[in-house]
2 protein chains.
Amino acid sequence: MEQIGYGKSSADLDAIFAALADPTRRAMLTRLAEGEASVGELAAPFQISQPAISKHLKVLEKAGLVERAIDEQRRPARLNAEPMAEAVEWINYFKRFWGDSFDQLDELLVTLKAQKEEGKDE
Amino acid sequence: MEQIGYGKSSADLDAIFAALADPTRRAMLTRLAEGEASVGELAAPFQISQPAISKHLKVLEKAGLVERAIDEQRRPARLNAEPMAEAVEWINYFKRFWGDSFDQLDELLVTLKAQKEEGKDE
DNA sequence: CTGTTCCATAACTATATGGTTATAGAAAAT
DNA sequence: ATTTTCTATAACCATATAGTTATGGAACAG
């Protein structure tokens, strides 16, 4: 069941936040920000086994944070950061509780973004 | 061991993201955004037991997202959203991967915030 | 004093998570 | 044809997590 237009489901947020809750996975995402990487390349910086990395990749995939490709024997992973936007969106509701006057600037941002989006058909 | 000036440790991010990964806890935080609430008040909307709520509160406390007070028999919880800022900060590194030209505005924000913080002693 | 309300803690259960080693398949290299 | 490289999966283990019920303490209400 795909959500349509109402943002990610609570279950999606569960998966996204849970995926981000592990330091190895966060490091993997940081690595992927530099570009595609094979499983081996992702495993290299860590002392844990290759199967452990494959498991982490599966967690990241289920959260939608990573997509896989096929390149001969390799199954390179590439970053898909969009689900992070959903996480930030959820958190942003609370921004007023730590935001000083930062709030106002943020509202400006949202407004500008909204105006920009009016151009698209969505 | 308190971190000083270098942002939260990875362990802190673990705790923060993990705390946010549970829908009951997210709902509790949303409730607390409306103001302090006793354990009973927090438990009311859910079908789970009071001890389960107490456990969730402990998870939120360890993540620093909630602080407790003492009010006669009650142990009201109040929101402390600041750790969420650390989470967003971490995620923001990835913003360029989903942000359109939103980036530039965001950089402006960061700059302005930084300038503002120069005024404080920190 | 007695009872009630509010909450924490202990003890337990079931499931999830993060790791391991062993193994096997597919594609490339020789 | 054989070997090597890359990765996934299975089976297993230890610990963590999310829930339960039972219980008890502390503070108010009578």
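Check the entry above for the structure.
Below is a short write-up of the structure. (Residues numbered from 1 in each chain as written. Chains lettered and ligands numbered in written order. Predicted model: local features only at pLDDT ≥ 70, side-chain atom pairs only at ≥ 80, totals over all residues. Heavy atoms only, no water.)

Scanning chain A for helices and strands turns up 6 helices and 2 strands. When its helices and strands are written in sequence order, chain A yields α-α-α-α-β-β-α-α. Of all 122 residues assigned to chain A, the portion counted as buried reaches 38%. Partitioning the intrachain contacts of chain A with sequence separation of at least 6 by distance along the chain shows that 49% fall at a separation of at least 24. Total accessible area on chain A stands at roughly 7400 Å², and carbon and sulfur atoms take up 50% of it. (Helix = DSSP H or I, 4+ residues; strand = E, 2+ residues; numbered from the N terminus. Buried < 20%, exposed > 50% of the residue type's maximum accessible area, 1.4 Å probe, protein only. Contact = heavy atoms within 4.5 Å. Areas by Shrake-Rupley, 256 points an atom, 1.4 Å probe, with all protein chains shown as cover.)

What follows deals with the protein's contact with DNA strand C. Neighbouring DNA strand C are 22 residues, the closest being Ser49(A), Lys55(A), His56(A), Ser54(B) and Lys58(B). Lys55(A) places a side-chain nitrogen or oxygen 2.3 Å from a base oxygen of DNA strand C. A distance of 3.2 Å is found between a base nitrogen of DNA strand C and a side-chain nitrogen or oxygen belonging to Gln73(A). Those elements that place two or more of their residues in the surface near DNA strand C are helix H4 (50-62) of chain A together with helix H3 (39-43) and helix H4 (50-62) of chain B. (Near = heavy atom within 4 Å. Polar contact = N/O pair within 3.5 Å; in protein donor to acceptor, adjacent residues only side chain to side chain.)

The next subject is the nonpolar core. Ranked by size, the top nonpolar core spans 62 residues in total, and within it Leu29(A), Met84(A), Leu29(B) and Met84(B) carry the most contacts. Filtering out sequence-adjacent residues up to four positions away, Leu29(A) remains in contact with Leu20(A), Leu60(A), Leu65(A), Val66(A), Leu79(A), Met84(A), Trp90(B) and Phe94(B). (Core = buried A, V, L, I, M, F, W, Y, C linked by side-chain atoms within 4.5 Å.)

Further remarks concern the environment of Trp90(B). Relative to the helices and strands, Trp90(B) is located in helix H5 (residues 82-92). Of the residues examined, Trp90(B) reaches a relative accessible area of 16% and is grouped as buried. Sequence-wise, Trp90(B) and Leu13(B) are 77 residues apart; in three dimensions their C-alpha atoms are separated by 8.6 Å. In this structure, Trp90(B) is in contact with Leu20(A), Arg26(A), Leu29(A), Thr30(A), Met84(A), Leu13(B) and Phe17(B), ignoring residues within four places of it in sequence.

Next up on the list: unusual backbone geometry. The phi dihedral of Glu72(A) is positive, around 60°, even though this residue is not glycine. Mapping Glu72(A) onto the fold places it in the loop between strand S1 (66-68) and strand S2 (77-79).

Attention now goes to the protein's contact with DNA strand D. Near DNA strand D, the surroundings consist of 21 residues, among which Gly40(A), Lys58(A), Ser49(B), Lys55(B) and His56(B) are the closest. Close to the protein, within 4 Å, the atoms of DNA strand D belong to sugar or phosphate groups at a rate of 58%. The separation between a base nitrogen of DNA strand D and a polar side-chain atom of Gln50(A) is 2.9 Å. One of the side-chain nitrogen or oxygen atoms of Glu72(B) is found 3.1 Å away from a phosphate oxygen of DNA strand D. Residue assignment for the surface near DNA strand D shows that the elements contributing at least two residues are helix H3 (39-43) and H4 of chain A together with H4 of chain B. A per-class count over the surface near DNA strand D returns 5 nonpolar, 8 polar and 8 charged. (Nonpolar A, V, L, I, M, F, W, Y, C, P; charged D, E, K, R; others polar.)

The end-to-end C-alpha distance of H4(B) is 19 Å, a good match for the 18 Å that 13 residues give at a rise of 1.5 Å each. Looking one or two residues past H4(B), Gly64(B) carries a phi angle of roughly 80°, positive in sign. (Expected span 1.5 Å × (residues − 1).)

This brings us to the side chain of Asn80(B). All names here are of chain B. In this fold, Asn 80 is placed in the loop between strand S2 (77-79) and H5. Asn 80 gets classed as buried once you look at its relative accessible area, which sits at 15%. A polar side-chain atom of Asn 80 sits 3.5 Å from a polar atom in the side chain of Glu 67. Excluding anything up to four places from it in sequence, Asn 80 contacts Gly 64, Leu 65, Val 66 and Glu 67.

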